[in-house]
Amino acid sequence: MLHAAWLIPALPLLGFVVLLLAGRRLGDPAAGWLATLMVAGAFVTTLVVFSGLLGRGGDNRLFVQDLFTWIPAGGLQVKTGFLVDPLSVTMALFVTGVGTLIHLYSIGYMHGDDGYHRFFVYLNLFIFSMLMLVLSSSFLGTFLGWEGVGACSYFLISFWFERPAAPSAGKKAFVTNRVGDFGFMLGMFLIFTTFGSLQYTDVLGHAGTLTHATAMAIALLLFLGAAGKSAQLPLYVWLPDAMEGPTPVSALIHAATMVTAGVFLMVRINPILAEAGGVATLIAVVGAATALFAATIACAQDDIKKVLAYSTISQLGYMFLAVGSGAYVAAIFHMITHAFFKALLFLGAGSVIHGMHDEQDMKRMGGLRTWMPITSVTFIVAWLAIAGIPPFSGFWSKDDILANAWDKSPILWLVGVVTAGLTAYYMSRQVFLVFFGKERWKESAHARSEPEAEAEPEHEPAAAAGGGDLAAAVGGRDVAAASHGDHREFTPHESPPTMTLPLVVLAALAAVGGALSLPFGSFRPLETWLEPVVGDRLHKLSLSGSTQVAYALGTVVLALVGIAIAYLIYLGHRVREESVEPKVLRRAWYVDPLYAAVIERPGRLLASWSAFFLDAKVIDGAVNGVASLVRGGGTRLRAVQSGYVRNYALAVASGAVLLVGYVVVRGGG
Amino acid sequence: MAGFPYLTSLVVVPAVGAAAVAVVPRDRDDVVRAVGLVASLAALVIGVAMLVQFDGGLGSFQMVSHHQWIPDWGISFTLGIDGISVFLVLLSTLLFPIAIAGPTVHRDYKGYVAWMLLLEAGCIGVFLSLDLFLFFLFWEIVLVPMYFLIGGWGYDRRVYAALKFFLFTMVGSGLMLVGILVLVFLHERATGVLTFDLVTLARDQSLAQTTAKWVFLAFAASFAIKVPIFPLHTWLPDAHTEAPTGGSVILAGILLKLGTYGFLRFGLYLFPQAVVDLAPLFLTLGVIGIIYGAVVAIVQRDLKRLVAYSSVAHLGFIVVGIFGLSTQGLQGGVLQMVNHGLSTGALFLLVGMIYERRHTRQIAELGGIQKVAPVFAGVFMLVMLSSIGLPGLNGFVGEFLVLIGTFVTHRWWTVVATAGVILAAIYMLWAYQRVFQGRPEGANTVFAEMSWREWAVMAPLLGFIVFLGVYPKPVLDRIQPTVDALVRHVEDHSDYREPAVNRGRVDARPADGGKGAAGAEGATGIGTGR
């Protein structure tokens with residue numbers, strides 16, 4: 001059964017090729033269904049491989065399937081193949097699982113868009129690349145997927161390429177990620193220098209032979225790559241902008257899967273990290289700092305997706321905190337639960353945006369729970385999960401990380417706990433602003449000026465026409481009227497079942513996902529399962545069970561306090577909203593302007609100076625200048641021809657001849 | 001078919017084609033096109049048949065055809081091929097039919113085709129010559145058609161650009177001629193044999209070290225101008241911008257490779273110790289080229305000029321691969337020559353198509369084309385990603401091999417060179433954004449999709465771009481023995497020793513038992529500079 005591994009990425013690849021060639025003919029919605037089917041097939045295949053791996057004994061859960069030699073060059077032999085082990089299968093399971101749900105959701109969400117089939121072309125290519133990333137048997141294969149998901153991310157962020165902001169955001173994502181890739185590449189070079197191979201089995205098994213300095217260098221370089229892909233300080237700046245992409249993309253790529261690739265890479269190289277001493281501490285510090293930093297920004301954003309973007313950065317910070325604390329299982333655990341609840345939050349947000357006719361400003365929402373029952377109930381489940389309220393999944397995974405962080409350093413733990421409080425606060429703020437309180441959209445709809453209301457964005461994911469008949473049956477409140485009626489008097493509406501079904505499934509997973517790894521007893525399936533990958537390098541908690549429960553209760557209380565404060569401000573209106581949303585947070589600590597001033601502007605000046613002064617005036621000027629000099633100086637040469645460069649050339653040539661002749665005479669003599 | 005004179009016919013067929021075109025009446029463009037296509041496609045067919053006969057396991061010259069020419073001076077007509085030249089010859093036979101039949105030529109098609117075919121004969125001759133005199137002859141022949149192609153079929157400042165191209169190259173040629181003569185005469189003085197035969201000269205290594213260094217520099221000046229290596233590059237943007245589309249395709253695809261090929265075939269082969277001694281200089285210039293070319297490309301306003309500067313950066317990678325003197329770097333360098341020919345050739349064709357439609361190459365005057373012509377934009381995107389070096393496409397494999405191989409031998413140069421991958425993304429994506437994204441306005445609202453003829457021209461390039469990215473093995477396997485032999489040759493005639501990791505001769509992995517890294521590091525040899 002393990003031999004089916006190649007089929008996992010092959011199916012989405014096939015989908016990509018078919019859609020690329022025939023997607024336009026298949027059209028809407030057949031193209032979407034085909035894409036979804038391919039990913040679902042990959043999911044089923046992964047299940048088969050998973051059961052095959054389960055059937056093997058704990059020590060024997062490693063299977064390498066090499067298809068062909070990709071790059072043979074002397075001492076470097078890179079194979080295209082797959083490393084099937086508990087880590088890669090876990091990743092593949094949730095990538096294909098969540099991927100299938102989001103594909104399904106997109107069938108409804110993207111309905112009516114001009115680029116419908118193009119969207120699914122990219123989406124299937126993304127899934128293929130992501131699977132190559134997690135399943136490949138070599139660093140270079142992972143890098144292939146790594147760059148592939150980066151390219152897909154670029155395509156999909158700039159999907160609505162006619163809007164000025166989208167292409168800029170896509171470019172920013174690609175370039176920022178390339179900074180990280182610079183580290184990844186150098187890391188691979190150093191690995192090759194040291195081990196003579198890039199295959200995981202050749203490298204990781206021998207990590208124990210590394211010197212401390214080499215291990216540190218490799219780990220640091222790969223961490224640079226991870227920080228780019230997983231949006232950590234200081235390379236996180238592309239992720240908030242990435243929200244220009246369609247919302248399913250934000251859910252799939254910029255929340256659940258691609259951005260966790262850095263965490264995956266760090267867990268994959270845990271044998272190297274074990275030799276790298278201080279690097280783990282650095283990772284933990286960067287993770288904790290990112291978690292807190294991004295959480296503060298999330299408290300003051302008005303755009304429903306921007307809040308979630310900063311929240312994602314913050315949660316990824318938790319995962320790196322876990323990696324740095326040696327809690328690899330906790331990192332993967334949180335990665336999985338986060339995939340559930342954050343994908344759900346994004347899809348819920350997409351449903352809201354959809355129902356509100358492309359409104360993303362939370363200050364223009366409110367009271368939507370009565371209009372969008374399924375969306376709001378599922379969103380609330382995700383909210384409780386991310387806020388860390390037991391028994392929802394986020395509580396368990398976050399608690400696992402915090403307990404390990406305590407062992408690493410109480411300061412890191414404190415940062416994590418404060419972040420947890422902030423998380424509860426900003427997520428509650430979002431839920432209250434969107435689903436509770438006054439229906440502010442009624443006012444803002446009237447307030448909006450006529451032309452703005454008429455200027456329908458080119459993207460109108462009209463729900464009604466697609467699964468229209470079905471939609472009407474399932475809570476589709478006023479669907480047809482909403483999408484075809486008068487937009488100035490619109491009413492929010494629930495989304496069609498292709499969109500709400502994934503919400504319900506994800507909500508169920510977000511609720512019970514914690515069962516993967518509970519802190520009591522000996523039944524910890526995720527830890528047992530991942531044991532072959534992390535071995536004895538996994539940090540053993542020093543806290544006793546009861547202490548851990550006490551700490552966890554403290555965190556829950558803090559989360560409740562966060563919720564209460566948000567309630568008082570945004571529903572109770574005890575404090576003016578503006579006073580808790582300072583400009584410095586609204587502008588995200590001014591990091592973008594800072595980068596523009598320190599990197600972008602000087603860079604552009606340098607480029608202009610190089611091109612229009614150094615190259616044009618100095619270097620080329622010297623060429624033409626020497627020529628003019630020659631022409632000016634020698635009338636005899638001028639008489640020969642009018643082309644002045646010629647004269648210069650002649651002068652140089654004869655000079656060189658003399659020079660070489662001199663040397664030869666001396667050298668020969 | 002083993003006895004068939006593949007190499008000679010590869011040179012003769014295009015030359016005969018050129019002569020045939022010359023006698024066609026001036027007003028019969030259809031006949032001209034037919035003759036041009038038949039001749040260049042015949043060369044392609046011969047090239048492919050030659051590849052089938054090519055023994056990929058051999059590291060030495062094969063299919064050698066040797067004829068006495070001027071025996072008194074030791075000059076012979078000797079052609080031969082090996083793993084380094086074989087794919088460059090094939091690239092030539094692929095790109096010339098494209099340059100002949102692909103772009104629209106607006107005046108004197110007959111002259112255009114005749115010069116193109118003569119140029120093809122010259123280029124292939126350079127790649128195949130094993131006699132220094134013959135090599136120099138072909139090297140000079142190449143110059144003439146290119147000069148007339150730029151000057152006769154180019155754009156506004158074509159005369160200036162053509163002259164600049166011609167004179168820059170002539171300066172180099174003059175130096176190289178002196179170098180060749182010095183080498184041959186000193187060889188005669190040392191051994192008593194007067195010969196221009198490359199293999200003999202390389203084997204005997206008759207020059208004193210200091211002399212060898214100077215003679216190498218005379219060769220290198222010529223090659224460096226052709227590549228071009230910073231700061232000798234300023235003829236390139238002018239020549240590219242003013243040349244007709246087909247001229248740019250050949251200029252970037254083939255002519256620049258003459259320089260890097262020269263370094264490999266004549267630099268490393270004839271002057272190993274000099275190359276080893278001067279490697280830091282050329283590595284530095286190569287790295288500067290990578291960074292500088294990319295930085296300058298960012299702010300270019302003319303799309304063609306932007307691609308030209310990107311060539312400076314790409315060729316920098318090849319230079320780094322050659323002077324890094326590692327197996328991977330050399331293999332990657334050779335592969336990258338082919339890759340650059342494919343992707344930059346394709347880019348110039350696409351820019352030419354844009355010009356045909358919009359009569360401008362100014363980036364500021366374009367915009368939103370993806371909306372009007374999504375398929376065209378998709379093709380451009382693919383080629384662009386190949387140029388950026390996205391894994392899975394051809395550009396990555398060459399670039400990666402160059403960097404990983406050179407990292408082992410010359411670490412810090414590689415670190416800077418790797419930064420070039422960031423810059424490549426900046427200039428390409430920004431250009432794509434301004435040309436293809438956004439909302440189309442004014443004249444940009446009309447933009448025809450790819451025609452069938454354009455597809456026919458692009459399809460083979462796109463096919464190879466993908467194929468070489470996914471499965472470069474057939475090519476790398478055939479390059480490897482020659483590169484191995486070349487590295488051995490350099491080691492035999494210099495104090496250079498390639499690190500074991502690159503060669504894969506010894507299991508470089510640290511031995512089990514304790515922190516065995518000292519042994520592993522020691523085994524990686526020079527240049528790892530810990």
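Residues numbered from 1 in each chain as written. Chains lettered and ligands numbered in written order. Predicted model: local features only at pLDDT ≥ 70, side-chain atom pairs only at ≥ 80, totals over all residues.

Caption draft 1: Quick look at the environment of Ala34 of chain B. Within the element layout of this structure, Ala34 of chain B appears in helix H2 (residues 29–53). Measuring from C-alpha to C-alpha, the distance between Ala34 of chain B and Ile288 of chain B comes to 44 Å, with 254 residues separating the pair along the chain. (Helix = DSSP H or I, 4+ residues; strand = E, 2+ residues; numbered from the N terminus.)

Caption draft 2: Expanded view of the confidence of the model for chain A. On average, residues of chain A carry a pLDDT of 86, and 88% of them reach 70 or more. Low confidence marks residues 449–488 of chain A, where pLDDT is under 50. Its contacts with residues over four positions away, or in another chain, come to 70 contacts. (pLDDT = per-residue confidence, 0-100. Contact = placed C-beta atoms within 7 Å.)

Caption draft 3: Examining the environment of Gly504 of chain B more closely. Of note, Gly504 of chain B is situated in the loop between helix H20 (500–503) and helix H21 (517–523). C-beta crowding within 10 Å serves as the criterion here: with 18 such atoms nearby, Gly504 of chain B is assigned to the partly exposed category. In this structure, the C-alpha to C-alpha distance between Gly504 of chain B and Thr327 of chain B, residues 177 residues apart in sequence, is 9.6 Å. Once you skip the residues sitting within four places of it in the chain, Gly504 of chain B turns out to touch Gly74, Gly75 and Gly196 of chain A. (Buried ≥ 20, exposed ≤ 12 C-beta atoms within 10 Å, placed from the backbone.)

Caption draft 4: Representation of unusual backbone geometry. For the peptide bond that leads from Asp28 of chain A to Pro29 of chain A, omega is 10 degrees, which places it in the cis range. Relative to the assigned elements, Pro29 of chain A resides in helix H1 (residues 7–54). Phi angles above zero are rare outside glycine, and Trp589 of chain A is one such case at about 60 degrees. By secondary structure assignment, the location of Trp589 of chain A is in the loop between helix H25 (583–586) and helix H26 (591–633). Even without being glycine, Gln205 of chain B reaches a positive phi, approximately 45 degrees. Positionally, Gln205 of chain B belongs in the loop between helix H7 (198–204) and helix H8 (209–226).

Caption draft 5: Looking closely at the interface of chain B and chain A. Between chain B and chain A, the residue contacts involve 73 residues of the former and 61 residues of the latter. If you tally residues by element for the side of chain B that touches chain A, the top one is helix H6 (residues 158–191) of chain B, at 12 residues. Along the lines of polarity and charge, the residues of the side of chain B that touches chain A split into 41 nonpolar, 23 polar and nine charged. (Nonpolar A, V, L, I, M, F, W, Y, C, P; charged D, E, K, R; others polar.)

Caption draft 6: Representation of the pairing of strand E2 (residues 75–81) of chain B in the model. Residues and elements named next belong to chain B. Bridge analysis of strand E1 (residues 62–70) against E2 gives six bridges, and the strand direction is antiparallel. Note on E2: the bridge partner recorded for Ile70 is Ile75. Where E1 folds back onto E2 in an antiparallel hairpin, the turn is made up of four residues, including Gly74, whose phi is positive at roughly 70 degrees. (Pairing = 2+ DSSP bridges.)

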